[in-house]
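If you want the building blocks of each chain, they are given just below.
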Amino acid sequence: MLAIEVVETADAADPPADISGYKAGQPAADEVIARVPVARRTRLKIGLAGSHASAEAAATASADFDIRVDGVSSATMRFAAAATSATFIAASETVLEPGQVLSVVAPSTPDATLAGIGFTLAGTLVL
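Residues numbered from 1 in each chain as written. Predicted model: local features only at pLDDT ≥ 70, side-chain atom pairs only at ≥ 80, totals over all residues. Heavy atoms only, no water.

Caption draft 1: Up close: the pairing of strand β10 (residues 115-121). Burial analysis of β10 places six of its seven residues in the buried class, the great majority of the element. Alignment of strand β1 (residues 19-23) against β10, held across five bridges, turns out to be antiparallel. Within β10, the residue paired with isoleucine 19 across the bridge is leucine 121. Here strand β4 (residues 52-57) pairs with β10 via five bridges, running antiparallel. Bridge pairing in β10 links serine 54 to glycine 118. (Buried < 20%, exposed > 50% of the residue type's maximum accessible area, 1.4 Å probe, protein only. Helix = DSSP H or I, 4+ residues; strand = E, 2+ residues; numbered from the N terminus. Pairing = 2+ DSSP bridges.)

Caption draft 2: Representation of unusual backbone geometry. Phi angles above zero are rare outside glycine, and leucine 48 is one such case at about 50 degrees. Along the polypeptide, leucine 48 turns up in the loop between β3 (42-44) and β4. Backbone geometry at alanine 82 places phi at a positive 70 degrees, although glycine is not the residue there.

Caption draft 3: Summary view of the environment of valine 105. One can find valine 105 in strand β9 (residues 101-105). When its relative accessible area of 4% is taken as the criterion, valine 105 is described as buried. With 39 residues separating them in the primary sequence, valine 105 and aspartate 66 have C-alpha atoms 5.1 Å apart. Ignoring any residue separated from it by four or fewer positions in sequence, one finds valine 105 in contact with Asp30, Glu31, Val32, Asp64, Phe65, Asp66 and Arg68. (Contact = heavy atoms within 4.5 Å.)

Caption draft 4: A look at the side chain of lysine 23. Structurally, the position occupied by lysine 23 is in strand β1. The class for lysine 23 is buried, based on a relative accessible area of 17%. Side chain to side chain, lysine 23 and glutamate 31 meet in a polar contact 3.1 Å long. (Polar contact = N/O pair within 3.5 Å; in protein donor to acceptor, adjacent residues only side chain to side chain.)

Caption draft 5: A look at the sheet that holds β1. As summarised here, the arrangement of the three strands in space is β1-β10-β4, forming an open sheet in which the pairing is antiparallel. What marks the edges here is a single partner per strand, and that holds for β1 and β4. Each adjacent strand pair in this sheet contributes to an overall mean axis angle of 5 degrees, direction not counted. (Axes fitted to C-alpha atoms, helices over the stretch in contact; angles between N-to-C directions.)

Caption draft 6: Representation of empty space enclosed by the protein within the structure. Under the defined criterion, the tally for this structure stands at one cavity of 30 Å³ or more. Counted as a void, the largest cavity has a volume near 60 Å³. Lining the largest cavity, in full, are Gln26, Pro27, Ala28, Ala63, Phe65, Ala106, Pro107, Pro110, Asp111 and Leu114. (1 Å grid on protein atoms, 1.4 Å probe; cavity = no way out; pocket = protein on both sides within 12 Å on 5 of 7 lines; lining within 4 Å. Points joined across faces, edges and corners; volume = space filled by probe spheres on them.)

Caption draft 7: View of the confidence of the model for the protein. In this model, the protein carries a mean pLDDT of 91, and residues with pLDDT of at least 70 account for 90%. Counting interchain partners and residues more than four positions distant, the pLDDT-below-50 stretch residues 1-11 has two contacts. (pLDDT = per-residue confidence, 0-100.)

Caption draft 8: Here's a closer look at the sheet that holds strand β2 (residues 32-37). Read from one edge to the other, the open sheet built from five strands follows the order β2-β9-β5-β6-β7, with strand pairing classed as antiparallel. Of all the strands in the sheet, just β2 and β7 (86-89) have a single pairing partner and so form its edges. Sheet twist, expressed as the average angle between the axes of neighbouring strands with direction ignored, equals 20 degrees. Bridging between strand β5 (residues 63-69) and β9 involves four bridges; their strand directions are antiparallel. The residue bridging aspartate 66 from the neighbouring strand is valine 105, located in β9.

Have a look at this one:
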């Protein structure tokens, strides 16, 4: 007799819903480099697992970009000194509801060299 086991995971049940952005050149102080109204219920995992960011020119010092939902801080995209790739900090999972606005805001004190920032926040649709 043949037995088949079906195993479902959260990733298999929830299709990808990535949010991407790009800022040419150097961002100004507190510049909103991305503003995305959410159309579908979307989950961003703890630590923004699976997300990526890179810069064309490395940061001189550590630079933290604030990731906000409806103006409230929910995560950080951090470029370390001399780095062209970022790490992400998010203490909890975030579920974005349709109509909410996700924004990415540059640091209050701009980095002297960090420029050409592209990012993809890995999310999944919540079905």
